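# Observations on the three-dimensional arrangement
Next come the chains, spelled out residue by residue.
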Amino acid sequence: MSQPCRLEYRGFHQLELVRHGGGEIRIGGRRRTLQETPPNVASRPPVDTVQYVYARWDERRERVKLVASTTGHETAGDEEVMRGDPSALLVGMGRPYESRPRHYHWADRPEHRTLVLSHHNRKRVEWRQRLRADAAITAGGWREVSSDMSVSFLVWGGEEAHLEIEGRVRSEGAASPLLLGIGLDGTPPESAELELTPSEASQVFRLDVERRFSRDEEGFHTLSLYGMTDDDASWNVLGGATLQYSTLG
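These notes cover the structure that comes with them. Because the structure is predicted, anything quoted here is derived from the model rather than measured. (Residues numbered from 1 in each chain as written. Predicted model: local features only at pLDDT ≥ 70, side-chain atom pairs only at ≥ 80, totals over all residues. Heavy atoms only, no water.)

Together, Arg 60, Arg 61, Arg 63 and Lys 65 make up a region of like positive charge exposed at the surface. Looking at the secondary structure, you find Arg 60 in the loop between strand 5 (51–58) and strand 6 (63–69). (Patch = residues over 30% accessible without salt bridge, like charges linked within 9 Å, V, L, I, M, F, W, Y side chains within 5 Å. Areas by Shrake-Rupley, 256 points an atom, 1.4 Å probe, with all protein chains shown as cover. Salt bridge = Lys/Arg side-chain N within 4 Å of Asp/Glu carboxyl O. Lys, Arg positive; Asp, Glu negative; His and termini not counted. Charge placed at Lys NZ, Arg CZ, Asp CG, Glu CD. Helix = DSSP H or I, 4+ residues; strand = E, 2+ residues; numbered from the N terminus.)

Going through the model one piece at a time under the given rule, you end up with three aromatic pairs. For the pair Phe 153 and Phe 213, a centre-to-centre distance of 5.9 Å together with 75 degrees between the ring planes defines the contact as edge-to-face. Note that Phe 153 is positioned in strand 15 (residues 150–155) and Phe 213 in the loop between strand 19 (203–212) and strand 20 (219–237), a separation of 60 residues in sequence. The residues Phe 153 and Phe 213 share a single accessibility class, namely buried. When the centroid spacing of 4.5 Å and the interplanar angle of 25 degrees are considered together, the rings of Phe 153 and Tyr 245 count as stacked. Placement of Phe 153 in strand 15 and of Tyr 245 in strand 21 (residues 242–247) is noted, with a sequence separation of 92 residues between them. By relative accessible area, Tyr 245 is classed as buried at 1%. Here the aromatic residues Phe 153, Phe 213 and Tyr 245 are joined through ring pairs into a cluster of three or more. Sitting above the plane of the Phe 220 ring, Arg 95 keeps its charged end 3.6 Å from the centroid. We note Arg 211 situated over the ring of Phe 213; from NZ or CZ to the ring centre the distance is 4.7 Å. (Phe/Tyr/Trp six-rings, centres within 6.5 Å; stacked < 30°, edge-to-face > 60°. Buried < 20%, exposed > 50% of the residue type's maximum accessible area, 1.4 Å probe, protein only. Lys NZ or Arg CZ within 6 Å of the ring centre and 35° of its normal.)

This part takes up the environment of Glu 172. In this structure, Glu 172 sits in the loop between strand 16 (160–171) and strand 17 (178–184). On the basis of relative accessible area, Glu 172 is assigned to the partly exposed category, the value being 37%. Through-space distance from the C-alpha of Glu 172 to that of Pro 189 is 24 Å; in sequence the pair is 17 residues apart. Each residue touching Glu 172, except ones within four places of it in the same chain, is listed here: Ser 234 and Asn 236. (Contact = heavy atoms within 4.5 Å.)

Moving on, we get to the environment of Arg 124. Note that Arg 124 resides in the loop between strand 12 (116–118) and strand 13 (125–130). Residue classification places Arg 124 among the partly exposed residues on the basis of a relative accessible area of 45%. For the pair formed by Arg 124 and Tyr 245, sequence separation is 121 residues and the distance between their alpha carbons is 11 Å. Dropping the residues within four chain positions of it, Arg 124 is found in contact with Ser 246, Thr 247, Leu 248 and Gly 249. At 3.1 Å, the side chain of Arg 124 and the side chain of Glu 126 are in polar contact. A distance of 3.5 Å separates the side chain of Arg 124 from the side chain of Ser 246, its partner in a polar contact. (Polar contact = N/O pair within 3.5 Å; in protein donor to acceptor, adjacent residues only side chain to side chain.)

Pasting the structure below:
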């Protein structure tokens, strides 16, 4: 069921549930007024863990309040609620982290919100970054090209992620082709998405990958560019290559 609310990122340590097209949401089978001053997640749950955000009704204060929990959700009627507690309505998901002691964040940067998602009235999520310096791919098995060509994100079950990577590569006296592929969560790809043959000049490459995540795969993931070449070959991915990640929301 669509609810007239949206979980929003409001700064390094704050998430708010704002109105979106109406002033009442249904919690535990009853309509409740979502206050104009948005409720927020006041606690600081453990970092580097997926936190589901739930809305409850505070009978004493007659207000909606938010709680963050590692407890997952289940379907009750036409709503997603906390597993074992139908009085807690699922409104979002986040993964807080600490960049340094006492600097607590819910999202990487204000413009990069891949670690905060609303369950209702979802927005398109986009992330774009560039390879800052040349990255060497030497002989051997699959290896991650660079952290710049990697993106971490949260995703709902059933949602599709889209990854585009493009740039230029140059062979360094290579006798073997360069294989490029996308790995998930530190696991190298099972097969190559693209194969490039040695050339004296630099070559343009582009990978365009879509992946749909099942309900069981909901949560935190990392997609990374991997490369592989054989023999004594060496290739360089040239600085300025770009990575773009998006979901439809």
